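Coordinate analysis (summary)
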Amino acid sequence: MRTHSMLGPGRARRALVVLVGLVLAVLTMIALSPTSATAASTAIESRSATNVVAPAAWNPRVVPLYSGETKVALDSAEARKRLLDLCQTEDLNGYACITVGDGDGTHSGFVMYRCGWRKVYDFINAGALVNNQYGGARVRLYNASQAEIASFGNGRFGITDEILYATEWISIC
C-alpha cells in the first residue's frame with residue numbers, strides 16, 4: 001500500500017489558501033443570512049422560556065484533525081455541495097472530505113489528508129464523502145468494534161444513514 005508523503009511547501013501553501021478562502025466564504029454566508037442569528041436565538045429563548053425540551057443540534061467531530069486539516073460549518077445544502085465540489089478539484093488532490101448533518105438543517109464538513117485512524121462523534125444523517133486521495137487510497141468507516149462497515153475508493157459518494165449512525169472510527173488512506 002502506498003503511503004502518503006508530506007506536501008511540498010508550495011502545494012501545502014496553496015491548499016491552506018484554498019481552505020482559508022472556503023472558511024471565510026462560509027462565514028460570510030452565515031453572517032449575511034438574515035435568519036440564522038435570529039432563528040438560533042429565538043429557538044434558545046423559546047426552549048428556556050417554556051422549559052420545553054426541544055431537539056438540539058448535534059456536534060459532529062473528528063479527533064484528531066491534524067495541521068492543514070479543518071472542520072467547516074456549512075449552513076445550507078448548497079454550502080455542503082460547494083465543499084464537496086471543491087474537494088474534487090486539483091487544488092485538493094490528496095484529500096478526503098466528509099460532510100455530515102448537524103441535525104438542524106446545517107452540516108459539518110471535514111477536510112483531511114493525513115493517513116491514520118480517527119475517532120468520530122455525532123455522525124448522523126445527510127452524509128457524503130469525496131475521496132480525492134492518490135494511488136487508490138481508501139476511506140474506511142468502522143463501527144464501535146472496529147469492524148469495517150464501508151470502504152470508499154476515489155470518487156464522490158453518499159453515505160447511508162445506517163452506515164453513518166454506526167460509524168465510530170474512520171481511516172484515511
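To start, this report covers the structure provided alongside it.

What counts and how
Numbers given to residues run from 1 along each chain, matching the order in which its sequence is written. This being a predicted model, a pLDDT of at least 70 is required before a residue's local features are given, and a value of 80 or more before pairs of side-chain atoms are given or counted; all residues contribute to the totals for chains, interfaces and linings. Only heavy atoms go into the side-chain values, all of them from the structure, while hydrogens and water stay out. Two strands make a pair as long as DSSP finds a minimum of two bridges between them. Secondary structure elements are taken from DSSP: a helix is a run of H or I of four residues or more, a strand is a run of E of two residues or more, and numbering for both begins at the N terminus. In this description, a line fitted to the C-alpha atoms serves as the axis of each element, helices being fitted only across the stretch in contact, and the angle between N-to-C directions of two axes falls anywhere from 0 to 180 degrees. Here the aromatic set is Phe, Tyr and Trp, taking the six-membered ring for Trp, and pairing holds for ring centres within 6.5 Å; pairs whose planes are under 30 degrees apart are stacked, those over 60 apart are edge-to-face, and all others are tilted. Two thresholds decide whether a charge sits over a ring: the Lys NZ or Arg CZ must be within 6 Å of the ring centre and within 35 degrees of the ring normal. Cysteine sulfur atoms are paired as a disulfide whenever they come within 2.5 Å of each other. Accessibility here uses a 1.4 Å probe with only protein chains present; expressed as a share of the type maximum, an area under 20% marks a residue as buried, one over 50% as exposed, and anything in between as partly exposed.

A closer look at the sheet that holds strand S8 (residues 148-152)
With antiparallel pairing, the five strands of this open sheet are ordered in space as S1-S5-S10-S7-S8. Each edge of the sheet is formed by a strand with only one pairing partner; in this case those strands are strand S1 (61-63) and S8. When the angles between neighbouring strand axes are averaged without regard to direction, this sheet yields 25 degrees. As defined by bridge partners, strand S7 (residues 139-142) adjoins S8 across four bridges and the pair is classed as antiparallel. Within S8, the residue paired with valine 139 across the bridge is phenylalanine 152.

Let's talk about the packing of aromatic side chains
Considering all chains together, one arrives at five aromatic pairs under this definition. Geometrically, the ring pair formed by phenylalanine 152 and phenylalanine 157 is tilted, given 5.2 Å between the ring centres and 45 degrees between the ring planes. Members of the aromatic cluster, joined through ring pairs, are Trp117, Tyr142 and Trp169. The ring of tyrosine 121 is capped by lysine 119, whose NZ or CZ atom sits 5.3 Å from the centre of that ring.

Let's talk about the state of the cysteines
For the structure on display, the rule yields two disulfides. Note that cysteine 87 is cross-linked by a disulfide to cysteine 97, the S-S spacing being 2.1 Å. Where cysteine 87 bonds to cysteine 97 through sulfur, the torsion about that S-S bond is close to 90 degrees, and the disulfide is right-handed. One end of the pair, cysteine 87, is in helix H3 (residues 77-87); the other, cysteine 97, is in strand S3 (residues 95-101), with 10 residues separating them in the sequence. Taking relative accessible area as the criterion, cysteine 87 reaches 0% and is therefore assigned buried. Overall, cysteine 97 belongs to the buried group, its relative accessible area being 0%. Between cysteine 115 and cysteine 173 runs a disulfide, and the two sulfur atoms are separated by 1.9 Å. The chirality of the disulfide connecting cysteine 115 with cysteine 173 is left-handed, given an S-S dihedral of about -75 degrees. With cysteine 115 in the loop between strand S4 (107-112) and strand S5 (116-121) and cysteine 173 in the segment after strand S10 (169-172), this residue pair connects regions lying 58 residues apart in the sequence.

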